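# Notes for the structure review
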Amino acid sequence: MERLMRFYRNLLIFLLLSNFASLYGQSQPQARGVIAGHVKETTTNEALPGVNVIVEGTTIGAASDIDGRFVIRGVPPGNYRVRATLIGYIASLSSTVKVTAGDTAVVNFQLRESAIDVPEVVVTASRKAQSFLETPVSVSVVNARQIERQNFGTLEALLEFAPGVSLMSGQINIRGSSGYSRGAGSRVLLLVDGVPMLPGDSGDIKWDQVPPNEVERVEVVKGAASSLYGSNALGGVVNVITKDPSETPITVFKSTAGIYDKPRYPEWRFTERTLFYNFQDISHSRSFGKLKMRASLGRRESTGYAQNRNYQRLNGFTKLKYNFTTTSFVTAYANYARNHGGESIAANSFNDITRVPESDAGLSTTTRRLQTGVAYQTILGSNITFRLRDSFYFNRFQNDLAETDPNPFVQANDPHIDSRAYKNDVEAQLDIELNPVHSSTFGVTGAVNHINSTLFGQHDGRDFSTYLQHEWKASTALTLTGSLRFDYHWVDTGLKEYHLNPRFGMVYVVSPNASLRLSSGRGFRAATMAEMFTLTKASGFVVIPNPNLSSEIGWSHEVGGQFVLSNFFVNPAVFWSDYEDLIEGRFVTKRNQNVIQFQNFNRARIRGAEIDINTSFWKKRLTIGGSYTYLDARQLERRNDLTGNLEKVDEPLQYRPKHLLTGQATLTLGRYFFGVDSRYVSKVSFAVFPDQPHVAQKVTNFNAGVRILPAEITLNVYNAFDYYYTQVESNLEPIRSVALTTAFAF
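None of the values given here were measured: they were computed from a predicted structure.

This next bit is on the overall build of the protein. A count of helical and extended segments in the protein gives five helices and 44 strands. The C-alpha atoms of the protein give a radius of gyration of 26 Å, which matches the 27 Å a tight globule of 746 residues would have. Counting only residues that meet the buried cut, the protein has 57% of its 746 residues in that class. Summarising the internal contacts of the protein: among those between residues at least 6 apart in sequence, 64% fall at separations of at least 24. A total accessible area of about 30,800 Å² is found for the protein, and carbon and sulfur atoms account for 58% of it. In the protein, 76 side chains carry a positive charge and 69 a negative one; their mean positions are 3 Å apart.

Structure, rendered in structure tokens:
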């Protein structure tokens, strides 16, 4: 722990010195240039006022006037791309513009009215801003309006309606990549504003730490992304982009009150009292000259819909942004979450699925999590953008789940579990515009991980990586992208691993409204501390450590396209992935006892197809969308527990559905809005109780609301048809509930 704190202190000194050095450079006199031009509507050639024109990678921008003209002054000499956006129009990103001191660079835009809203710019697929049509991999975007309309208490419930995404008891699967491992590791990397948010012990996603009301949009990148993001991006990346502080003061108060229905079967009613939940959130945003700030507090409480599903949660979020100059700024943030809730590993029985065993009644877990960080960005020279960030993540959980009865593996005299994890990582990145057709991104990262746990023991880990990406615009239509990342992973048991992960991407822009893409890349995921060192007995299950786990590796490939056809947006894809040494919990026989141990099994393959279609009618008053994903997830080899030999098999991978289907529709009539969201997930095979009955997921939610400024009132009905289902064994998913949400902005 002392070494970790020393490293963190030295890193902060490095950050401060970097900031002072950059500020000194910015303070020296430097001649500037100007970017000017006009914006017109494509069809009518009429001027468009109010268009936001931004120089990419900077805070410099302007809005077009009544004649559609704009002037951006004070631009440092260099090569830039300029973006023009206006609600209701397709965003436009210029080619590279060269700005010289004392001169004016002319950039003109023509914006086409969009019959359907499509994402404008994404930042996750290639670690930089780019047009949605220019991404070499599949990306799905969930916007703030969708989040507000559905009013889920946590973000993962909303992602279940994203194309190709399914959840298994809170564990996210992108195109079947993850399966289920009860909070031990994730093959999907969670980023918040580009910063990793995975704890150092369990390595899984803690959804309750992400405040939904502070989210501007969520970008879901599908397929192996380790060539840019390293471990945990084996199956994809979820980047949560939070709202920026506002120029003018604004306060938002939001309150939700909901009740659960009574179970249809009387024997499932574990209590006669009314089961409910309520959420309260307040946020404030404003500017003080060059300093902008945004802060929020949130509270969530629920009795749960089943025994031991109750919880109380508190969240705090702060984001500060200070602009040193028009091309240099620093962002600081803090995110705190406290959760106290019931703990349910498995129901009493399948026929008594709302109750837990008598010995587990009243068991609870308390967690505390804190993430803090600072990110700095500036323009160096004429064509280089420099980014530097540092973050610290603390995770602690406590419960009394450990069983103390004697067994050959666990000799516990105290049921109390207390686990603390400290993780610090730093990253530096350079974006270099070599010329109008060549650009590169280079970065280095380092991470220090320390855990002190009654569940996992006391261990340290280190990670180091460097990555490079180069983009070549071979023609006005064809863009080729190549990236390569080297990762070094070390654990104090003596484990050392080295990984080299390449990726190749190609985008061919057929027209301003259509593009084709192809990508192929390697990914990996290092075993988490939880998978390597867990030693416990809980709810009758004994889990033993396996410090010899090696990293999972895989190759992902995709061919797809994106097409805006009149009022339709179509995004089809065909994909396939080959994996080796996947880590999953298995029942094994040790010392004549059946126990659970995380193990590598050799080969697996996932292949499939996906199509996402969205359309709108009646001047966008009615929008309709849907997606279908087909998955063929197979285990091809496994190791015999008795002989240790590899055996060829051809079996379905557990916890992976074959069919995923989503559908959404919204109708807006003036101040009134109505919506429906539905999903179907075919049944999966279970690992712990493979013979337990299980069904497909068929969930439909309704919402309706009215905007009466400064208020908005929304009524939500979740699981409207009260469909009963499980995602993993003996764990009932939420039954029908009704909620009323009121939001005030002033």
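Here we take up the side chain of N399. As for its placement among the helices and strands, N399 is situated in strand β26 (residues 384-399). Setting aside chain neighbours within four positions, we find N399 in contact with S364, T365, P415, H416 and I417.

Another point: the nonpolar core. Soluble globular proteins tend to pack their nonpolar side chains together in the buried interior. With 59 residues, the main nonpolar core has L159, I172, L190, V218, V238 and V240 as its most contacted residues. A per-element tally of this core places strand β16 (residues 188-192) first, with five residues. For I172, the residues in contact, after removing those within four places along its chain, are L159, V165, S166, L167, S178, V188, I205, W207 and V238. Judged by nonpolar contacts, the second largest core, of 23 residues, contains V51, V53, V82 and Y89.

Attention shifts here to the confidence of the model for the protein. In this model, the protein carries an average pLDDT of 87, and 93% of its residues clear a pLDDT of 70 or more. Low pLDDT (under 50) marks residues 11-29, which in the prediction has 21 contacts with non-local residues, meaning those over four places away or in another chain.

The next subject is the pattern of salt bridges. Here the structure, examined in full by the defined rule, presents 41 salt bridges. One salt bridge in this structure joins D722 and R264, with 3.9 Å as the shortest N-O distance. On the criterion of sequence distance, the pair formed by D722 in the loop between β43 (711-718) and β44 (737-745) and R264 in the loop between β20 (250-260) and β21 (276-288) is long-range, its members being 458 residues apart. Owing to a relative accessible area of 4%, D722 belongs among the buried residues under this scheme. Using a relative accessible area of 42% as the deciding quantity, one classes R264 as partly exposed. Among the ionic pairs, E531 bridges to R525, the shortest N-O distance being 2.8 Å. Like E531, the residue R525 is buried in the burial classification.

This paragraph deals with unusual backbone geometry. Each neighbour pair has its own omega, and for L709 with P710 the value is 10°, a cis peptide bond. Checked against the element boundaries, P710 lands in the loop between β42 (697-708) and β43. Residues other than glycine seldom take positive phi values, yet D581 does so here, at roughly 60°. Tracing the chain through its elements places D581 in strand β36 (residues 568-590). In this structure, K619 is a non-glycine residue whose phi angle is positive, near 55°. Looking at where K619 falls in the secondary structure, it is placed in the loop between β37 (593-617) and β38 (622-639).

With that settled, consider the sheet that holds strand β6 (residues 82-85). Within the open sheet, the four strands sit side by side as β3-β2-β6-β7. Their pairing is antiparallel. Two strands bound the open sheet, and with one partner strand each, they are β3 (61-63) and β7 (92-93). In terms of strand pairing, strand β2 (residues 52-55) meets β6 through four bridges, oriented antiparallel. What sits directly across from V53, in β6, is A84.

Inspection of the secondary structure puts S296 in strand β22 (residues 291-302). In contact with S296, not counting residues within four places along its chain, are E214, I282, S283, N315, G316 and F317.

As for its position among the elements, I613 is in strand β37. I613 sits 44 residues away from F569 along the chain, and the two C-alpha atoms are 5.7 Å apart. Leaving out residues up to four positions away in the same chain, I613 has contacts with F568, F569, V570, I624, G625 and G626.

Moving on to the packing of aromatic side chains. Evaluated as defined, the whole model comprises 20 aromatic pairs. Plain terms: the ring middles of Y488 and Y498 are 5.3 Å apart, the flat faces sit at 40° to each other, and that makes the pair tilted. Of this pair, Y488 sits in strand β30 (residues 478-491) while Y498 sits in strand β31 (residues 496-511); the two residues are ten residues apart in sequence, bridging distant segments of the chain. Among the residues examined, Y498 registers a relative accessible area of 53% and is labelled exposed.

What follows deals with the pairing of β37. One face of the sheet, then the other: side chains in a regular strand alternate in exactly this way. Direction of pairing for strand β34 (residues 541-544) relative to β37: parallel, over a ladder of two bridges. Bridge pairing links I544 to Q597 in β37. Across 22 bridges, β36 lies against β37 in antiparallel orientation. Residue pairing in the sheet places L582 in a bridge with F601 of β37. Between β36 and the antiparallel strand that follows it, β37, lie two residues; R591 among them carries a positive phi value of about 55°. Of the pairings in the sheet, the one linking β37 to β38 comprises 14 bridges and is antiparallel in character. What sits directly across from R607, in β38, is D632.

A separate point is the sheet that holds strand β18 (residues 215-222). The mixed open sheet is built from five strands, whose spatial order is β13-β18-β19-β16-β17. The open sheet is flanked by β13 (139-143) and β17 (195-196), the only strands paired with a single partner. The pairing of β16 with strand β19 (residues 236-242) spans five bridges and is classified as parallel. By the bridge assignment for β19, V192 is matched with V240.

We now examine the environment of I66. Residue position: I66 is located in the loop between β3 and β4 (69-75). With near-sequence residues (within four places) excluded, I66 lies in contact with A47 and P49.

The next point concerns the environment of R355. Here R355 shows up in the loop between β24 (328-342) and β25 (364-380). Residue R355 is classed as partly exposed on the basis of its relative accessible area, which comes to 25%. A polar atom in the side chain of R355 sits 2.7 Å from the backbone oxygen of E267. For R355, the side chain forms a polar contact with the side chain of D352, separated by 2.9 Å.

Rules behind the numbers
- Residues numbered from 1 in each chain as written.
- Predicted model: local features only at pLDDT ≥ 70, side-chain atom pairs only at ≥ 80, totals over all residues.
- Heavy atoms only, no water.
- Helix = DSSP H or I, 4+ residues; strand = E, 2+ residues; numbered from the N terminus.
- Rg over C-alpha atoms; globule rule 2.2 N^0.38 Å.
- Buried < 20%, exposed > 50% of the residue type's maximum accessible area, 1.4 Å probe, protein only.
- Contact = heavy atoms within 4.5 Å.
- Areas by Shrake-Rupley, 256 points an atom, 1.4 Å probe, with all protein chains shown as cover.
- Lys, Arg positive; Asp, Glu negative; His and termini not counted.
- Charge placed at Lys NZ, Arg CZ, Asp CG, Glu CD.
- Core = buried A, V, L, I, M, F, W, Y, C linked by side-chain atoms within 4.5 Å.
- pLDDT = per-residue confidence, 0-100.
- Salt bridge = Lys/Arg side-chain N within 4 Å of Asp/Glu carboxyl O.
- Pairing = 2+ DSSP bridges.
- Phe/Tyr/Trp six-rings, centres within 6.5 Å; stacked < 30°, edge-to-face > 60°.
- Polar contact = N/O pair within 3.5 Å; in protein donor to acceptor, adjacent residues only side chain to side chain.

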